[in-house]
Amino acid sequence: MAKIRMGMVGGGEGAFIGQVHRYAAALDSEIELVCGAFSSNPEKSQRSGESLHLPADRVYSSYQEMMTKELELPADQRMQFVSIVTPNHMHFPVAKAALEAGFHVFSDKPATFDLKEALELRELVKKHDKLFGLTHTYSGYPMVKEARHQVATGELGKITKVVVEYPQGWLASPEGEEENKQAAWRLNPEQAGISCCMGDIGVHAAHLAEYITGLKISEVCSDLGSVVDGRVLDDDGTVLLRFENGARGVLMASQVSVGEENALKIRAYGDQGGLEWSQQEPNTLWLKWSDRPTQMYRTGLPYVCELAAANTRTPNGHPEGYLEAFANLYMAFAGQIRALENGAEPDARSADCPGIEEAVRGMAFIELTVHASNSEQKWHKFPNH
């Protein structure tokens, strides 16, 4: 059975996330990188392609050229989907070109520059009947899937409170940010959009809260700002949440929390029990009860749910982390492509991948939190799109 063929836009020299995508896509030997337009600089794109041992004629100077040239190849040679790993402002034009050319799309989040583009993207996905996947990486962890299972089976009872936080410290100082490629584009509204912190990591926290609880955020009260003088976009924020079942929550995201790395953590409480999971110790899920001792669930042991087990590769006690979680999303998307080509429905593992609806909700969350923070009104309803 042939590997699924992937093309990539972005992710060339000096890019962090592109290499992460390539590691993740290759991990299960289901996907092969066959082409790319790795930079808007043609020379840099070619050098990047050479370092990845791609044929020179499959390394392109632009994403437009890539779409055109790949379509000229026989169907069993051309790429089947495009991985988009550019700054935010390029996500939509690349996705649009790919869908219109007949290719599936797997994109970094947020899916688009603004909500208007996200809604248009959803229509394009439907019109061209193509698959769309989104890298909300943290939903790929086995113990996150176990947490979702515990909530869905009613073990915790009715969810009443959700606390999710994502502190980082890497933008606490303005020193060197203009030379730091990763900082520069995230703080530039022309490339990042209307938010830095909420658009970069806050939206991950919001997705994690909805994914684990199975509940949609219905209202927000938001306070965003820039701690470092001179920044146009937010580098810190707190959002009060209300969920569709009446539960309340708190979301904190910060890129100026000195000493923090990627300390994403979630706690969810029901009227029968609670849970806690931390991205920095991802193989452990804590379940908490009022009438019996706290339980520690661990990745790879026989008591976890089928979906958690299906997303685990190593025996228990062998740590799995960020790259494996990322790879789980790629594995799911590859499974969706295989199922579609075989005229079948994807299995449970393959179906469990963020898609276009999560893309729209994510962009709506970013815009809503910024709007709410700039408003004198206390609570703002989450729009239904």
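Below you will find a few notes about this structure.

Each value, and the rule that gives it
Residues numbered from 1 in each chain as written. Predicted model: local features only at pLDDT ≥ 70, side-chain atom pairs only at ≥ 80, totals over all residues. Heavy atoms only, no water. Salt bridge = Lys/Arg side-chain N within 4 Å of Asp/Glu carboxyl O. Helix = DSSP H or I, 4+ residues; strand = E, 2+ residues; numbered from the N terminus. Buried < 20%, exposed > 50% of the residue type's maximum accessible area, 1.4 Å probe, protein only. Core = buried A, V, L, I, M, F, W, Y, C linked by side-chain atoms within 4.5 Å. Contact = heavy atoms within 4.5 Å. Polar contact = N/O pair within 3.5 Å; in protein donor to acceptor, adjacent residues only side chain to side chain.

Two side chains that carry opposite charge are able to pair once their charged atoms sit near each other. Taken as a whole and judged by the stated rule, the model has 17 salt bridges. The partner of Glu-357 in a salt bridge is Arg-122, and the shortest N-O contact between them spans 3.1 Å. Within this pair, whereas Glu-357 is found in helix H13 (residues 356–373), its partner Arg-122 is found in helix H5 (residues 115–128), the two being separated by 235 residues in sequence. A residue is classified by how much of its surface remains accessible, and Glu-357, at 40% relative accessible area, is partly exposed.

For the rest of this paragraph, the subject is the nonpolar core. Counting 55 residues, the largest nonpolar core has Ile-212, Leu-251, Leu-275, Trp-277 and Phe-365 as the members making the most contacts within it. Contacts of Ile-212, omitting those with residues within four sequence positions, involve Val-144, Ala-147, Arg-148, Val-151, Ile-266 and Leu-275. Core analysis: the second largest hydrophobic core is formed by 28 residues, Val-9, Ala-98, Leu-134 and Ala-359 among them.

The next thing to look at is the environment of Arg-78. Structurally, Arg-78 can be placed in the loop between helix H3 (63–71) and strand S3 (81–85). Classification of Arg-78 as partly exposed rests on a relative accessible area of 23%. C-alpha of Arg-78 to C-alpha of His-149: the two residues are 71 residues apart in sequence and 38 Å apart in space. A polar atom in the side chain of Arg-78 sits 3.3 Å from the backbone oxygen of Leu-71.

A cis amide bond, omega -10 degrees, links Lys-109 with the succeeding residue Pro-110. One can find Pro-110 in the loop between strand S4 (104–107) and H5. For Ser-29, which is not glycine, the phi torsion reads 60 degrees and is therefore positive. Tracing the chain through its elements places Ser-29 in the loop between helix H1 (17–26) and strand S2 (31–37). Of the residues examined, Ser-29 reaches a relative accessible area of 46% and is grouped as partly exposed.

From the geometry alone we can't say anything about function, so treat these as descriptive.
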